[in-house]
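Survey of secondary and tertiary structure
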Amino acid sequence: MPILVMKFGGTSVASLERIRHAAGLVSREVENGHEVIVIVSAMSGKTNELVGWVEETSRFYDAREYDAVVSSGEQVTAGLMALTLQEMEIPARSWAGWQVPVQTDSAHAAARIEDIETGNITAKFAEGMKVAVVAGFQGISPEGRVTTLGRGGSDTTAVAFAAAFGAERCDIYTDVDGVYTTDPRITSKARKLDRIAFEEMLELASLGARVLQTRSVELAMRYNVRLRVLSTFGSNDDNAGTLVCAEEDIMEKNVVAGVAFSRDEAEMTLLSVADRPGIAAAIFGPLATAGVNVDMIVQNISEDGRTDMTFSLPVNQVARARQAMEAVKASGEVNYGRLVTDEDVAKVSVVGIGMRSHAGVASRMFAALRDESINIKVISTSEIKISVLIDRKYLELAVQALHEAFELSDAA
Ligand code: ADP
Ligand code: ASP
Ligand code: MG
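Owing to the predicted nature of the structure, the values given are computational and were not obtained by experimental measurement. (Residues numbered from 1 in each chain as written. Chains lettered and ligands numbered in written order. Predicted model: local features only at pLDDT ≥ 70, side-chain atom pairs only at ≥ 80, totals over all residues. Heavy atoms only, no water.)

1. Overview of helix α12 (residues 395-405)
The cut-off we apply is this: Type-normalised accessible area, obtained with a 1.4 Å probe on protein chains alone, sets the label of each residue: buried when under 20%, exposed when over 50%, and partly exposed for intermediate values. By the criteria applied, helices consist of DSSP H or I runs no shorter than four residues and strands consist of E runs no shorter than two, each listed in order from the N terminus. When checking whether two residues touch, look at their non-hydrogen atoms; a contact exists if any pair is within 4.5 Å.
Among the residues of α12, Leu395, Ala398, Val399, Ala401, Leu402 and His403 are the ones counted as buried. In the core, the buried residues of α12 are packed alongside β13 (258-274), β16 (339-351), α11 (361-371) and β18 (385-391). Phi for Glu407, located one or two positions after α12, is positive at around 50°.

Structure (structure tokens):
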């Protein structure tokens with residue numbers, strides 16, 4: 001029997017009534033002749049609440065205990081979903097990550113799936129079970145402890161199951177009816193895309209579009225999983241939603257596919273750093289060791305052997321970064337004047353595979369921001385994206401201006 005993976009995000013399982021609605025969608029697929037693997041998130045808001053409890057209890061918490069706490073939300077919804085399906089007389093059983101098991105590495109709070117054991121679930125399907133409900137976002141480490149996959153990780157659980165079981169498709173049910181040209185919460189002009197290329201989705205996700213976790217797109221691309229994003233509350237016919245697929249399968253091609261943004265960024269500048277070989281390693285090595293995810297980096301030209309070094313990072317890592325930079329100064333490894341921090345910045349990016357062959361995207365982007373008098377602090381580019389760092393207060397305006405400038409509202 002063909003296997004289908006259906007993943008329901010937080011808002012789709014936010015109440016018992018919504019779980020019943022989601023179970024109804026599952027039952028339709030069972031009636032269509034599928035065996036279904038359902039991946040569930042925690043009820044919306046639950047994971048945030050659990051994270052909050054951990055942070056309130058322990059400032060520098062032990063990540064193993066963080067995982068023990070924050071993985072619990074998915075266990076609740078998995079059990080409730082299985083019970084709901086059973087009430088509808090559909091043979092269903094739930095699994096926590098460790099029961100499958102979903103083997104991960106030991107990187108607590110950001111673990112990667114290494115292997116999914118398919119034997120247990122396959123045996124149950126053979127016995128007549130129709131739906132396996134699996135708690136998303138969690139696995140088990142080689143040490144036998146519960147791990148979690150990073151925020152938004154249930155998307156990755158879903159794609160990994162689709163790959164492991166050779167599923168016909170992986171449907172990600174969420175609170176929007178597909179992938180849009182930008183977050184529809186920022187502009188009502190955002191347009192739903194029928195298809196988007198893996199590479200573009202990967203960039204959008206890693207640049208802040210949280211509709212899919214980056215790692216889930218990576219896995220779908222690697223294992224060629226048919227990945228679809230659609231709404232739990234709208235139509236779910238075969239053409240609904242957005243299909244994430246290979247570039248060759250897309251007819252409609254814009255130079256820019258979408259605009260992504262990341263709101264909670266910070267910028268740090270080391271003023272008057274001695275410019276000598278090894279200086280970048282001396283700064284960014286200790287930052288990496290401290291677990292700081294440095295993103296954009298700019299080094300100014302030097303004068304009299306000294307330069308300024310600017311980098312961006314997530315705003316919640318500023319304290320750690322500052323500590324690391326004060327330590328390298330105190331130890332004499334890096335000699336700099338002052339450390340200046342701006343915690344009120346955001347990153348806006350335009351993404352599109354068309355940029356490979358079209359010049360002028362950067363200048364169009366900069367002109368659009370200039371027309372709104374938005375100052376650009378840092379720029380970074382890759383083959384298919386351009387990102388800028390700006391003051392956070394201009395974020396919405398910048399996204400809207402870029403959406404307009406690249407004519408994303410108008411169907412191609
Ligand atoms: P779930 O709980 O179902 O996993 P998420 O909140 O993680 O849902 O992801 C869905 C949200 O992603 C949407 O409500 C939307 O605000 C946001 N989003 C950001 N960028 C985009 C985009 N380009 N297209 C669609 N949604 C987006
Ligand atoms: N519940 C987890 C989170 O909020 C995982 C997920 O929903 O994808 O991050
Ligand atoms: Mg999500």
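2. As for the layout of surface pockets
Applied cut-off: Both site types are read off a 1 Å grid over the protein atoms alone. A 1.4 Å probe that fits but cannot get out defines a cavity, while an open set with protein on both sides within 12 Å along at least five of seven lines defines a pocket; lining residues have an atom within 4 Å of a point. Grid points are joined across faces, edges and corners, and a volume is the space filled by probe spheres set on the points. Residue classes follow a fixed rule: Ala, Val, Leu, Ile, Met, Phe, Trp, Tyr, Cys and Pro count as nonpolar, while Asp, Glu, Lys and Arg count as charged, and any other residue, Gly among them, counts as polar.
Taken as a whole, the second largest pocket holds about 220 Å³ of empty space. As for the second largest pocket, its lining consists of 15 residues, of which Arg195, Ile250, Glu252, Lys253 and Asn254 are closest to the centre. Looking at the lining of the second largest pocket residue by residue, the classes come out as seven nonpolar, two polar and six charged.

3. Here we look at the state of the cysteines
Note the cut-off: Any cysteine sulfur atom paired with another within 2.5 Å is treated as part of a disulfide.
This structure, assessed with the given rule, holds zero disulfides. Free of any disulfide, Cys170 has its nearest neighbouring cysteine sulfur in Cys245, separated by 14 Å. When its relative accessible area of 6% is taken as the criterion, Cys245 is described as buried.

4. Details of unusual backbone geometry
Omega for the peptide link from Val100 to Pro101 comes to -15°, which places this bond in the cis form. Relative to the assigned elements, Pro101 resides in the loop between β3 (92-95) and β4 (102-104). With a phi angle near 75°, Ala109 is a residue other than glycine that sits in the positive phi range. Structurally, the position occupied by Ala109 is in the loop between β4 and β5 (113-116). If you check the backbone angles, Ser373 has positive phi at about 55° while not being a glycine.

5. What about the pattern of salt bridges?
The cut-off we apply is this: We count a salt bridge whenever a side-chain nitrogen from Lys or Arg sits within 4 Å of a carboxyl oxygen from Asp or Glu.
All chains considered together, the criterion is met by 20 salt bridges. Between Glu396 and Arg263 there is a salt bridge whose closest N-O contact spans 3.1 Å. Placement of the pair is Glu396 in helix α12 and Arg263 in strand β13, with a sequence separation of 133 residues. Residue Glu396 is classed as partly exposed on the basis of its relative accessible area, which comes to 30%. Of the residues examined, Arg263 reaches a relative accessible area of 34% and is grouped as partly exposed. Members of the salt-bridge network, linked through shared partners, are Glu267, Asp342, Lys377 and Asp391.

6. Thoughts on the nonpolar core
Quick note on the threshold: Residue types Ala, Val, Leu, Ile, Met, Phe, Trp, Tyr and Cys, when buried and joined through side-chain atoms within 4.5 Å, form a set referred to as a nonpolar core.
Of all hydrophobic cores here, the largest spans 43 residues; its most connected members are Val5, Ile37, Ile121, Phe161, Cys170 and Met201. Leu4, Met6, Met81 and Ala82 belong to the second largest nonpolar core, which has 25 residues in total.

7. Re the site of ligand 1
Threshold: Each residue is tested against the molecule or strand, and it is near if at least one of its non-hydrogen atoms lies within 4 Å. In protein, a polar contact requires one atom able to donate a hydrogen and another able to accept it; more generally it is a pair of N or O atoms within 3.5 Å, and residues adjacent in sequence count only if both atoms are side-chain atoms. For every accessible area listed, the method is Shrake-Rupley and the probe measures 1.4 Å; residues are considered covered only by the protein chains on display.
Close contacts around ligand 1 come from 16 residues, with Thr174, Asp175, Tyr180, Asp183 and Arg185 the closest. The contact in question runs from an oxygen atom of ligand 1 to an N or O atom on the side chain of Lys7, over 3.1 Å. Interatomic distance of 2.9 Å between a backbone N/O atom of Tyr180 and a nitrogen atom of ligand 1. Taking 570 Å² as the accessible area of ligand 1 by itself, protein coverage stands at 89%. Of the residues assigned to the shell around ligand 1, the class counts are six nonpolar, five polar and five charged.

8. Things to note about the sheet that holds strand β10 (residues 195-197)
To keep it simple, the criterion reads: The pairing criterion for strands is at least two bridges between them, as found by DSSP. Axes here mean lines fitted to C-alpha atoms, for a helix over just the part in contact, with angles spanning 0 to 180 degrees between N-to-C directions.
The mixed open sheet is built from eight strands, whose spatial order is β3-β6-β2-β1-β9-β11-β12-β10. Two strands bound the open sheet, and with one partner strand each, they are β3 and β10. This sheet shows a mean twist of 20° between the axes of neighbouring strands, independent of strand direction. Sheet topology note: the strand β1 (residues 3-8)/strand β2 (residues 35-40) ladder contains six bridges and is parallel.

9. So, the side chain of Asp155
Its location among the elements puts Asp155 in helix α6 (residues 154-164). Judged by relative accessible area, Asp155 falls into the buried class, the value being 4%. Among the polar contacts made by the side chain of Asp155, one reaches the side chain of Lys7 at a distance of 2.7 Å. Excluding residues within four positions of it along the chain, Asp155 makes contact with Lys7, Ile172, Val211, Leu212, Gln213 and Ser216.

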